[in-house]
Amino acid sequence: MPASTTNATCPASLIEEAAAPDAEGTALIRHAAETMRLSARGFHRTLRVARTLADLDGEERVRRLHLAEALSYRGRTEGVAAARPMPSPTA
Amino acid sequence: MVTRVATVAFEGIEARAVDVQVQIAPGAVAFTVVGLPDKAVAESRERVRAALIASGLALPAKRITVNLAPADLPKEGSHYDLPIALAVMGAIGALPEDALSSYCVLGELALDGSITAVAGVLPAAMAANGRGLGLICPAATGPEAAWAAGDMDVLAPRSLIQLANHFKGSQVMARPRPAIAAPAGTMPDLRDIKGQEGAKRALEIAAAGGHNLLFNGPPGAGKSMLAARLPSILPPLDPRELLEVSMIQSVAGQLKDGALSNRRPFRQPHHSASMAALVGGGLNARPGEVSLAHGGVLFLDELPEFTPQVLDSLRQPMETGEVMIARANHRVTYPARFQLVAAMNPCRCGMALEPGYTCRRGRTSVAPRNTAPASPDRSWTGSICASKSPRSPLSTSSCRRRRKARRRPPPGSRRRGIGRAPGLPARPCRLPPPMRPVRPP
């Protein structure tokens, strides 16, 4: 891989390996993927940001708090909208 | 007897070899250029004629034919003047032909015989070095060409006479020296921003991982200021990136005095930019803003003001890291691996995301009441939505109305919907139906 690859441009299979979270983190991202209806691309996106957050903290392994922060950036209203039932359109 | 001079044609940032062949034959006096020249190349006849006369030579009263081989590749650009002139000078005996055979030549001629700068000298120098040739280029672009290889022979004359004297041996030119651009003043600093710690953290994350970033908030929150300060925390370009960025800048004619810079590019197009300006194309298939931002940041301020087609055209470069411009005869590919930063207001009055507020004016309606407020700081209540993927630059605030604000907007107010953001889930954006104009009876 070229030396100037960043987390954002990393191929998906590689980021899954590099950003494999610990047990708690895996549970969180699984739960979030169902509640927030994450697509596969959304899942990889969250992993990329979580990997950057772990790198900024100097940690080898991606932990639950990194994943939590990455998920929090994922469109504050978009995430909420996905989780909430839609009101009737006659507003 | 045919005199040949090597030159290049540009396809993207690649320089393809082109052979300039000149034949002087008896016949009706004419000076023709063949080989699919475009208008600028066809006009080079006049410039070459005038430059030769200004340099003390005259075109012989014979039939001069110039062929730009390969004959089916359209020739564009004004850099064919100098190779044509040198080939003609070689054919009439004013320059030694064997000297010309070891150089690749490009440059534009002025009517007084001086040589004007052209774009794309750095890729041409790299291509010439790959073919084992030296380079003759305009004096202003000499420092750029000198970067291609340390031992390559580079001549950067200011005029035809100077070049002729060099070959005669009476005024030998020195090799130009590679130049680095002096850093243009200090970059804007993050310490100018007071507070906004959450936004600064998002900026750090984006800088560290190369992620894309969207700032969504009320006017005056500092979104544009923050985005402008991203380049100051990005690392400098590494050598491979520096080469690619410099080649793109060279082809776009943006290398001032041929000096390279290792600062990451920061491009900020106005929202009235057309698709060709943003993605590339137009005359000579020029690189667009996305290619000029390669290795750096593309900042789109007032994101909803950009036309939806233009925003959609960003999808492919963001996904693949390159943009392919298709022309009738050939395809040109420019690299376009950039980081997208965007800023927007959630609605017309800018207060849509503030908790407990009803926005009645806006394009997007407000978020539901129990969304957690984004910041503890009362003076800034916008939210930062950091998008993690190349495919979804926008995460819009939800388009649902509050339960209390069930009023329709006053009739006659104009409403524009935001173009569908690429990558959004397929949920309809619940904007009110467009108002139909009332027909007079």
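Scroll up for the structure.
Residues numbered from 1 in each chain as written. Chains lettered and ligands numbered in written order. Predicted model: local features only at pLDDT ≥ 70, side-chain atom pairs only at ≥ 80, totals over all residues. Heavy atoms only, no water.

Visitor: How would you summarise the packing of helix H2 (residues 23–35) of chain A against helix H4 (residues 64–72) of chain A if you had to cite specific residues and measurements?
Guide: Residues and elements named next belong to chain A. As a packed pair, H2 and H4 sit with axes 8 Å apart at the nearest point and diverge in direction by 25°. The pairing of H2 with H4 is recorded here as roughly parallel in orientation. Between H2, through Glu24, Gly25, Leu28, Ile29 and Ala32, and H4, the contact on the second element is made entirely by Arg64, Leu67, Ala68 and Leu71. (Axes fitted to C-alpha atoms, helices over the stretch in contact; angles between N-to-C directions. Helix = DSSP H or I, 4+ residues; strand = E, 2+ residues; numbered from the N terminus. Parallel < 35°, antiparallel > 145°, perpendicular 65-115°, else oblique. Contact = heavy atoms within 4.5 Å.)

Visitor: Let's hear about the pairing of strand S2 (residues 14–25) of chain B: which residues, and what values?
Guide: Residue and element names in this part refer to chain B. Sheet topology places strand S1 (residues 2–11) next to S2; ten bridges connect them, and they run antiparallel. The residue of S2 that forms the bridge with Val8 is Ala17. From the end of S1 to the start of S2, which pair antiparallel, there are two residues, and Gly12 there has a positive phi angle of about 70°. Strand direction decides the pairing type here: S2 and strand S4 (residues 63–69), joined by seven bridges, are antiparallel. Of the residues in S4, the one forming a bridge with Asp19 is Ala69. (Pairing = 2+ DSSP bridges.)

Visitor: Kindly report on the packing of helix H3 (residues 40–56) of chain A against H4 of chain A, identifying the contributing residues and their values.
Guide: All names here are of chain A. Running from N to C, H3 and H4 cross one another at 125°; their axes reach a closest spacing of 8 Å. Relative to H4, H3 is oriented oblique. Considering the relative orientation of H3 and H4, their crossing is right-handed. Together, Thr46, Leu47, Val49, Ala50, Leu53 and Ala54 of H3 and His66, Leu67, Glu69, Ala70 and Leu71 of H4 make up the contact between the two elements. For the contact of H3 with H4, the residue count by class is eight nonpolar, two polar and one charged. (Left-handed = near helix turned anticlockwise from the far one by under 90°. Nonpolar A, V, L, I, M, F, W, Y, C, P; charged D, E, K, R; others polar.)

Visitor: An account of the packing of aromatic side chains is needed here, citing residue identities and associated values.
Guide: To describe a pair of aromatic rings, you give the distance between the ring centres and the angle between the ring planes. Residue and element names in this part refer to chain B. In total, this model carries two aromatic pairs over all chains according to the counting rule given. On the basis of an interplanar angle of 65° and a centroid distance of 6.1 Å, the ring pair of Tyr103 and Phe167 is categorised as edge-to-face. With a gap of 64 residues between them, Tyr103 in strand S5 (residues 103–105) and Phe167 in helix H7 (residues 160–168) connect regions that are remote in the sequence. Neither Tyr103 nor Phe167 differs from the other in exposure class; each is buried. (Phe/Tyr/Trp six-rings, centres within 6.5 Å; stacked < 30°, edge-to-face > 60°. Buried < 20%, exposed > 50% of the residue type's maximum accessible area, 1.4 Å probe, protein only.)

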